[in-house]
Amino acid sequence: MKNILNAPFLEEMKKTTSNMYRLGWDERNGGNISYMLEEDEVKEYLDINKVIRTIPTGFDATELIGKIFIVTGTAKYFKNVEFDPEKNLGIIRIAEDGTTAQLLWGYKDGGKFTSELPAHLMSHIVRLKHDPQNRVVMHTHPTHTLAMTHIHELDDKKFTHTIWEMCTECIVVFPDGIGVLPWMVCGNEEIGKATAQKMEEYRLVVWALHGIYGAGKDLDETFGLIETVEKAAQLYMLTAHMPHINTILDKELKDVAEAFNLDYRKDFLNL
Ligand code: 2HA
Ligand code: ZN
């Protein structure tokens, strides 16, 4: 059996959480990540028949029975993941009943998965329907994106349009746009369902006055989606209070989308 501390998926989780912490997105216990692993890759490092303990998830994820995820721990800090992954991360498998997680590794201080597991698993279920390659759901608190939700209308079309207008690459990176949820209590099934419902249309869902969710095939792609929104939100916050004398016109956004052959939200442009 190989040493799990050297597993590529663990290295990636350490690098990603540290990177996000240093960007200032994941203060204290802010943020959480779930990353679906292949049974074959996990088997190289763990006896997958050995369940350390079982933890109820509190909701039904029948569609994910048998799926294995590495998930950040509740009340744990992104800042600390790289120094003690076995305490701050866990590897869980969704049990036959669909409502229990079997702990295969990690949470070594008796901890458990993030309080946002409902939003993560429900988002995985939806995104997998749209893209069988989807393996990552990521939640974080990027500063400018949050700032923007204080001063911008919380409407999918208007929010996406403003972000697209900020820099040319945005429509190329997320032609499917951004979903926006109003302020809601976090950590429960209701916000999980609302997030997953938006994930039917979008890979990015903003939680007003809280943060953002991203979904993608790997950690890099998912991080890149969120990073691009955050960059545009930063540009917005730098310029929102100033007279605007230049902008990317809707006709030009259409030209970019067509030049890159993108399946984009045409109804989000005013043409
Ligand atoms: O895990 O970010 O939304 C802490 C959070 C909750
Ligand atoms: Zn959060």
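Since the structure is predicted, the reported quantities are computational estimates derived from the model, not experimental observations.

1. Notes on the side chain of Lys 76
Okay, so step 1: Tracing the backbone through its elements, the reader meets Lys 76 in the loop between strand E3 (68-72) and helix H3 (78-81).
Okay, so step 2: You can call Lys 76 buried: its relative accessible area is 14%.
Okay, so step 3: At 3.1 Å, the side chain of Lys 76 and the side chain of Asp 109 are in polar contact.

2. Re the coordination of the zinc ion (ligand 2)
Okay, so step 1: In this structure, His 139 (NE2), His 141 (NE2) and His 210 (NE2) serve as the protein donors to the zinc ion (ligand 2), at separations of 2.0 to 2.1 Å.
Okay, so step 2: Read in sequence order, the donor residues coordinating the zinc ion (ligand 2) give the pattern H-x1-H-x68-H. Within this pair, whereas His 139 is found in strand E6 (residues 136-140), its partner His 210 is found in the loop between strand E8 (204-207) and strand E9 (211-216), the two being separated by 71 residues in sequence. The pair formed by His 139 and His 210 is uniform in burial state, with each residue classed as buried.

3. Quick look at the pattern of salt bridges
Okay, so step 1: Here the structure, examined in full by the defined rule, presents 19 salt bridges.
Okay, so step 2: Salt-bridge contacts for Lys 43 lead to Asp 40; the nearest nitrogen and oxygen are separated by 3.7 Å. Taken together, the residues Lys 43 and Asp 40, both in helix H2 (residues 39-43) and three residues apart, mark about one turn of the helix.
Okay, so step 3: The class for Lys 43 is partly exposed, based on a relative accessible area of 40%.

4. Examining the site of ligand 1
Okay, so step 1: Lining the immediate environment of ligand 1, one finds Asn 29, Gly 30, Gly 31, Asn 32, Glu 116, His 139, His 141 and His 210.
Okay, so step 2: Between an oxygen atom of ligand 1 and a main-chain N or O atom of Gly 31, the distance comes to 3.0 Å.
Okay, so step 3: Side-chain polar atom of His 139 to an oxygen atom of ligand 1: 3.2 Å apart, as the coordinates give it.
Okay, so step 4: Protein chains bury 87% of the 220 Å² of accessible surface belonging to ligand 1 in isolation.
Okay, so step 5: Residues belonging to the shell around ligand 1 are distributed by class as follows: no nonpolar, seven polar and one charged.

Conventions used here
- Residues numbered from 1 in each chain as written.
- Chains lettered and ligands numbered in written order.
- Predicted model: local features only at pLDDT ≥ 70, side-chain atom pairs only at ≥ 80, totals over all residues.
- Heavy atoms only, no water.
- Helix = DSSP H or I, 4+ residues; strand = E, 2+ residues; numbered from the N terminus.
- Buried < 20%, exposed > 50% of the residue type's maximum accessible area, 1.4 Å probe, protein only.
- Polar contact = N/O pair within 3.5 Å; in protein donor to acceptor, adjacent residues only side chain to side chain.
- Donors = N, O, S within 2.8 Å, 3.2 Å for Na, K, Ca; no water.
- Salt bridge = Lys/Arg side-chain N within 4 Å of Asp/Glu carboxyl O.
- Near = heavy atom within 4 Å.
- Areas by Shrake-Rupley, 256 points an atom, 1.4 Å probe, with all protein chains shown as cover.
- Nonpolar A, V, L, I, M, F, W, Y, C, P; charged D, E, K, R; others polar.

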